[in-house]
Amino acid sequence: PDDAKMYLYSERDTVVQHTTGRHFPDTIIRNYSGLGNINNVVPPDTHGDVGPSHYFQLVNMSFAIYDKAGVMLLGPRNTSTIWEGLPHNFNNGDGIVLYDEQADRWLISQFSLPTFPVGPFYQMVAVSQTPDPTGAWYRWEYEFGDLPDYPKFGIWPDGYYMSFTRLKSQTLQRDGIGVVAFDRSAML
């Protein structure tokens, strides 16, 4: 409107940053050769995580555990060796490994497809019993009617969460998205 007046304030805002801070480029602390695509899976679905003392690397169906200096402590091994002795354990890949910082434990998972492309399908999940991923694991297998393809996990204080693409048994047609919450307290 014509009768509006504009007021200019000359006070300086004391919380606004008026200069650019220093920029520090990223640096590589350690660099060493990891596990290659030894199962020749395309794509290799590489995954890994770092804890206080270990680097745990997973490449689709195989894993290796390193210390922080790059010395291989365990592996390479088929990921299914973690669930050895469980009835529906097959080394089918799409492995995930995460470090649970609050619990100082490791979570690893991969699916198992014993009668592919027909279900049931299984998601193998394990949580380390101690901070050392080269030691013992608590292990589970969860049954699904649809194939839980390309699973992804998240760690929260109240649970472990998994999302995945649902593929219909036999036809493998997409059937939406699946979400699962695991009881983190019970698993630890």
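Now for a quick tour of the structure. (Residues numbered from 1 in each chain as written. Predicted model: local features only at pLDDT ≥ 70, side-chain atom pairs only at ≥ 80, totals over all residues. Heavy atoms only, no water.)

### Looking at the pairing of strand 9 (residues 147-156)
Then, number 1: Two strands pair when backbone bridges link them, and strand 9 and strand 10 (residues 159-167) are joined in this way by 8 bridges, in the antiparallel orientation. Bridge assignment links proline 148 to a residue of strand 10, and that residue is arginine 166.
Then, number 2: Once strand 9 ends, the chain turns through 2 residues before running back antiparallel as strand 10. (Pairing = 2+ DSSP bridges. Helix = DSSP H or I, 4+ residues; strand = E, 2+ residues; numbered from the N terminus.)

### Describing the sheet that holds strand 11 (residues 174-182)
Then, number 1: The antiparallel open sheet is built from 3 strands, whose spatial order is 9-10-11. Every other strand in the sheet has two partners, leaving strand 9 and strand 11 as the edge strands with one partner each. Adjacent strand axes in the sheet meet at a mean angle of 15 degrees, parallel and antiparallel pairs treated alike.
Then, number 2: Two strands pair when backbone bridges link them, and strand 10 and strand 11 are joined in this way by 7 bridges, in the antiparallel orientation. Each bridged residue has a counterpart across the sheet, and for tyrosine 160 the counterpart in strand 11 is phenylalanine 182. (Axes fitted to C-alpha atoms, helices over the stretch in contact; angles between N-to-C directions.)

### Brief notes about the nonpolar core
Then, number 1: One finds Phe56, Phe63, Ile82, Ile108 and Trp137 to be the most contacted residues of the largest nonpolar core, which totals 15 residues.
Then, number 2: Elements supplying a minimum of two residues to this core: strand 2 (54-59), strand 3 (62-67), strand 5 (96-100), strand 6 (105-112) and strand 7 (121-128).
Then, number 3: Looking at this core, the element that brings in the most residues is strand 7, giving 3 residues.
Then, number 4: Residues contacting phenylalanine 56, with those up to four places away along its chain left out, are His47, Gly48, Asp49, Phe63, Ala64, Ile65, Val97, Trp106, Ile108, Pro133 and Trp137.
Then, number 5: Judged by nonpolar contacts, the second largest core, of 13 residues, contains Val127, Met162, Val180 and Met187. (Core = buried A, V, L, I, M, F, W, Y, C linked by side-chain atoms within 4.5 Å. Buried < 20%, exposed > 50% of the residue type's maximum accessible area, 1.4 Å probe, protein only. Contact = heavy atoms within 4.5 Å.)

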